[in-house]
Amino acid sequence: MVVVVAAATSPEKNKVKTKAKQRYLKRKKQRRKNKPKAATGAVSDSDDEEDVEIPSDAHADGEGTAEDELPAAKDPPVEDKPRKEKRPKKRQKVEETEDADAEMQELEAQDVAQDTVMRDAAADASAPLPTLPSFPLPALPDAPSKSVLALQGLDRALVGAEIVDANGLLPIPPDGEDDGGTGLSEKNSEATAGARHCGTFRRNPLRRSLYPTFDPPRDVCVSAPTGSGKTLAYVLPIVEILSTRIVTRLRALVVLPTRDLVTQVRETFEAVGRGRGLKIGTATGQHSFSHEQSQLVADKTTHLAGGSSRIDILICTPGRLIDHLNGTPNFSLQHLRFLVIDEADRLLAQSFQEWLVQVLTATRPPSHDSPFPGSLPQYHDAVAPAFRNLLPYADIPSITDCKEPSCQKLLFSATLTRDPGKLAALELRDPKYFVVQGNSDGPGVLDVAMDKFTMPATLTEHMLVCESSLKPLIFFYLVYQRNVTNALVFTKSAESTARLVRLFDFFDTAKRMATGASETSAIVVRAYSSDLGAGERKSILDKFKAQEIQILVCSDLISRGIDISHVSHVVSYDVPVDMRKYVHRVGRTARAGRNGDAWTLVEEQEARYFKAMLKQAEHLEKVKRLKVGEKDLAPLTVHYEGALNQLKESYAR
Ligand SMILES: Nc1ncnc2c1ncn2[C@@H]1O[C@H](COP(=O)(O)OP(=O)(O)OP(=O)(O)O)[C@@H](O)[C@H]1O
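From a predicted model like this one, the values you see are computed outputs, not experimental measurements.

(A) Broad picture of the overall build of the protein chain. For the protein chain, the count of helices and strands is 25 helices and 15 strands. The buried share among the 653 residues of the protein chain stands at 34%. Long-range contacts, defined here as pairs at least 24 residues apart, represent 78% of the contacts in the protein chain between residues at least 6 apart.

(B) Main features of the environment of Val235. Along the chain, the position of Val235 falls in helix α11 (residues 230-242). What Val235 contacts, discounting residues up to four positions off in sequence, is Thr268, Phe269 and Val272.

(C) Up close: the sheet that holds strand β7 (residues 408-413). Spatially, β1-β8-β2-β7-β6-β3-β5-β4 is the arrangement adopted by the eight strands of the open sheet, whose pairing is parallel. Because the sheet does not close on itself, it has two edges, and the strands there are β1 (162-165) and β4 (280-283). Adjacent strand axes in the sheet meet at a mean angle of 15 degrees, parallel and antiparallel pairs treated alike. Across four bridges, β4 lies against strand β5 (residues 313-316) in parallel orientation. Residue pairing for β5: Thr282 is matched across the bridge by Ile315.

(D) Main features of the sheet that holds strand β12 (residues 551-554). The parallel open sheet is built from seven strands, whose spatial order is β11-β12-β10-β13-β14-β9-β15. Among the strands making up the open sheet, the edge pair consists of β11 (525-528) and β15 (623-625). Each neighbouring strand pair of the sheet contributes to a mean axis angle of 20 degrees, computed without reference to strand direction. Here four bridges tie strand β10 (residues 487-490) to strand β13 (residues 569-572), and the two strands are oriented parallel to one another. Each residue of the ladder has a partner; that of Ala487, found in β13, is His569. Against the sheet, helix α21 (residues 494-515) engages β11 and β12, with an angle of about 170 degrees to β11.

(E) Inspection of the packing of helix α20 (residues 471-481) against helix α25 (residues 630-652) at higher detail. Viewed as axis vectors pointing N to C, α20 and α25 meet at an angle of 115 degrees, and their least axial separation amounts to 10 Å. By the angle between their directions, the pair α20 and α25 is classed as roughly perpendicular. You can see that α20 and α25 cross each other, and the crossing is right-handed. Within the contact between the two elements, α20 uses Leu473, Phe476, Tyr477, Tyr480 and Gln481 and α25 uses Asp632, Leu633, Leu636 and Tyr640. Considered class by class, the residues forming the contact of α20 with α25 number seven nonpolar, one polar and one charged.

(F) Representation of helix α16 (residues 355-363) in the model. Turning to α16, its buried residues are Leu356, Val359, Ala362 and Thr363. Along the axis of α16, the buried residues cluster in a sector spanning 130 degrees; they form a single face. Within α16, the exposed residues directed more than 90 degrees away from the buried face are Val357 and Thr361. On its buried side, α16 packs onto α14 (318-327), β6 (338-342) and α18 (420-425).

(G) Molecular detail of the pairing of β5. Going residue by residue along β5, you find Ile313 and Ile315 tucked away on one face and Leu314 and Cys316 tucked away on the opposite face as well. Strand direction decides the pairing type here: strand β3 (residues 252-255) and β5, joined by four bridges, are parallel. Note on β5: the bridge partner recorded for Ala252 is Ile313. After leaving β4, the chain enters helix α13 (residues 289-296) and then returns to the sheet as β5, a path that is right-handed.

About the criteria used
- Residues numbered from 1 in each chain as written.
- Predicted model: local features only at pLDDT ≥ 70, side-chain atom pairs only at ≥ 80, totals over all residues.
- Helix = DSSP H or I, 4+ residues; strand = E, 2+ residues; numbered from the N terminus.
- Buried ≥ 20, exposed ≤ 12 C-beta atoms within 10 Å, placed from the backbone.
- Contact = placed C-beta atoms within 7 Å.
- Pairing = 2+ DSSP bridges.
- Axes fitted to C-alpha atoms, helices over the stretch in contact; angles between N-to-C directions.
- Parallel < 35°, antiparallel > 145°, perpendicular 65-115°, else oblique.
- Left-handed = near helix turned anticlockwise from the far one by under 90°.
- Nonpolar A, V, L, I, M, F, W, Y, C, P; charged D, E, K, R; others polar.
- Arc of directions from axis to C-beta.
- Right-handed = clockwise from strand over helix to strand, strands pointing away.

Okay, here's the thing in structure tokens:
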């Protein structure tokens, strides 16, 4: 039955005349033939048969006649059905044709109209639809790239930094020849004979005048890798320019973060400035305050508008500098020609007594007028041109015209800050930035902006991931199996420094006793930390420099700036907390073109963090991974266990 219904509704099937239909049509034809001629063309009931539904195949199965059954099967009884007014068929057909034509025309007209609209819309896609506005599909906006973000908000001068190729050499020629733009005098050329390059110095827009008050020089910021010679980059021009001075006044102030660096930089000034008659002083708190005062100022009793100074160059730490600014009479910064802030990012992070604000204020003329109304102060010619308002005759125009202080600020670091807030605090005057990189075609200032620091090209870096309990043993493996001596070893605290040194001593003694080696073959390891007094620290550092000590275990106290040429290995026994610390630690080796190795011991639980830190700085692939197996450690294990027991006992006592 289902099949039959389906067939009845199928248009294919309708085309094929079934037997029942054929019979039906035959009888119909017959009836028409038999009809009287008069009846032809008149409306007759038989015409209704045209409207009768064609019997389906179901009715064609031969059960009953089609004529009897078809209406009964499909239609309600005739009397129930409201009788429709039938029009003559032909008329209906004509009307239907007319209707169809009209409808067709209407549809065609609509199509044409629609086509026109679509053509118009295509021609002017931006034309707004008359009714509903169309909205763009929701989509995530394109995120700005990391580099674009890094450059946002940067100091404009930093964005326009000059990129200097670290490999660019500028040889210092023999006497009498053109020096290629170094600007070094003959004496300084002699002092630096053998120096490979002075690129940074050559490019410094430094002027030779002592008081360029009418055209004050631009400030300079230098970002250059560790060991690339930043110290000489400021020592040379300072010595060069100050050598022209006649009267001793404090004209160069160098601020450094630690006493050790003050001592180191003083040595460089003394070496370069030998025979120039410049007087160099230091203030670090290593000596008594009154002793330092007597070194700095010549006259503490008379109030002098121009200050008083025994020295031309002062090298100091910020804390002691502030003490002298506040507590030493006649200590004045008004004559400063150079203010150097070395390891600038570290010093700018120190807010101790707002040291920077105090120093900058002292380099500017005070807003108040002469403190000596009506009388001339003694040594009035000693007042700096910009400080003339301190004099009672300050209103004479020819004198008061010179208002600009001539102090030039020079900032240096291997990890120069890009923090706009900190840079703004320096009140830099038309600053000029130099970024020294291994490859001057590299990403340039983007590296500084994204904290991707340039490492010395001669440095080889390694990392060893291990269990924390095995760390001391791995360290001994490096020393005894890999010959890691002449090394600086960095730990996280003074306490862990002392513990590691003690354990090493026990281990070395046990090993020597086991092998029958003499005491002279002992590896000398010493701690260097803030636990020690200044004198003791200096003596240990001197011994290390003299190679009487082979390994110096230290905290980050000397991770910056210290320059010891024979350091061939740096071990980070505890991982550095950030990339800047890492850069400065590993930078204690591979200095001035020498080769060096850096080893970082990473505890398993720290590995993820450490690798992420390196990855962020795009430095991960430069650090080689070293695996140390049980077999490598086996020869050391016995002595190590013995040393551990001794250490436990020593702490239990
Ligand atoms: N032009 C040069 N030629 C050869 N050696 C140089 C030159 N300039 C400096 N040096 C040497 O390079 C070493 C490193 O110099 P310096 O301590 O100034 O490095 P630095 O850039 O300040 O490093 P850090 O960022 O670690 O403080 C020093 O021993 C110095 O004498």
